[in-house]
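Observations on the model geometry
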Amino acid sequence: MPYVGDKGIIECIGLGSGIYINSTPPCGRKTGGINAAVLGKQKNWNGYTGSMNSVIPSDFKRVSSDYFYRISEQDKAVDLGQRREISLSYLNLEMTPMQIPIILDVDNVKSRKKINEYCREDYPILNAYLIDSLLMNPSIPGNLDSYIVEKTYEFKNDVIDMGGLKYNQDLGSSPPLMSMAYQGFSIRPNVQR
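Given the structure is predicted, the values throughout are model-derived calculations rather than measurements.

Turning our attention to the overall build of the protein. Looking only at helices and strands, the protein has six helices and six strands in total. Reading the secondary structure of the protein in the N-to-C direction produces β-α-β-α-β-β-β-β-α-α-α-α. Its C-alpha radius of gyration of 16 Å places the protein within 12% of the 16 Å reference for a compact globule of 193 residues. Split into buried and exposed, the 193 residues of the protein put 44% on the buried side. Restricting to contacts in the protein with at least 6 residues of sequence separation, those with at least 24 account for 71%. Within the structure as shown, the protein displays about 10,600 Å² of accessible surface, and the carbon and sulfur contribution to it stands at 53%. Across the protein, the mean location of the 21 positive side-chain charges is 4 Å away from that of the 21 negative side-chain charges.

In structure tokens:
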């Protein structure tokens, strides 16, 4: 909603934001969640934080929440504790391993007042959608294990061929975590090929 620019780029920002918001359930003994590296200028970051903070319920922004979201300009360590999910979103960071990039390569950002006018009715629906998706607990069927491993190696080789990235990409867990987050986003109980 907050961006003006190429439709394809805006759709990619929306998909990346949706995957981040939908997060992932715990896998085995690991805390769930997904981390997003937001790459862009300060003006574009302000549009991102404004829209994301409007969609994410305030209870989920408390450090003590079972479903904790941190959207910050600074790369800060988070104690995992006994939380179910922790999802971090940092601007132009270099340290924390991230599963997905959200590249804010847009022409302009709408004013906060304009965004609020468009979204006054949508935000409560998006809040409810977010809570529903967090309760889904998508999983990866065992028959996709070898496929996920294959895609993980392809992903790693693609990153190496590109000469690296401007952020710390978590190469090992990104494909399975993105798959589960996408399933939550599309309201399906199991990851599909």
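This part is about the packing of aromatic side chains. For the coordinates displayed, the defined rule picks out four aromatic pairs. With a centroid separation of 6.2 Å and 20° between ring planes, the pair formed by Phe60 and Tyr69 is classed as stacked. Phe60 gets classed as buried once you look at its relative accessible area, which sits at 13%. In this structure an aromatic cluster arises from ring pairing among Tyr20, Phe60, Tyr67 and Tyr69. Above the ring of Phe68, the side-chain terminus of Arg83 is found at 5.5 Å from the ring centroid.

Let us look at the nonpolar core. Counting residues in each nonpolar core, the largest one holds 33 residues, and the members touching the most others are Tyr20, Tyr48 and Ile102. Of all elements in the fold, only helix 1 (7-22), strand 2 (36-39), helix 2 (42-55), strand 3 (67-72), strand 5 (100-103), helix 4 (122-134) and helix 6 (174-185) reach the threshold of two or more residues within this core. Ignoring any residue separated from it by four or fewer positions in sequence, one finds Tyr48 in contact with Tyr3, Ser17, Tyr20, Val38, Ile71, Ser89, Ile102 and Leu104. Counting residues in hydrophobic clusters, the runner-up holds nine residues, among them Ala37, Phe68, Leu93 and Met98.

Position of Leu88 relative to the elements: it lies in strand 4 (residues 85-91). Taking C-alpha positions, Leu88 is 9.2 Å from Lys76, a pair spaced 12 residues apart along the chain. When near neighbours in sequence (up to four residues on either side) are disregarded, Leu88 contacts Tyr20, Ile34, Asn35, Ala36, Arg70, Val78, Thr96 and Met98.

Rules and cut-offs
Residues numbered from 1 in each chain as written. Predicted model: local features only at pLDDT ≥ 70, side-chain atom pairs only at ≥ 80, totals over all residues. Heavy atoms only, no water. Helix = DSSP H or I, 4+ residues; strand = E, 2+ residues; numbered from the N terminus. Rg over C-alpha atoms; globule rule 2.2 N^0.38 Å. Buried < 20%, exposed > 50% of the residue type's maximum accessible area, 1.4 Å probe, protein only. Contact = heavy atoms within 4.5 Å. Areas by Shrake-Rupley, 256 points an atom, 1.4 Å probe, with all protein chains shown as cover. Lys, Arg positive; Asp, Glu negative; His and termini not counted. Charge placed at Lys NZ, Arg CZ, Asp CG, Glu CD. Phe/Tyr/Trp six-rings, centres within 6.5 Å; stacked < 30°, edge-to-face > 60°. Lys NZ or Arg CZ within 6 Å of the ring centre and 35° of its normal. Core = buried A, V, L, I, M, F, W, Y, C linked by side-chain atoms within 4.5 Å.

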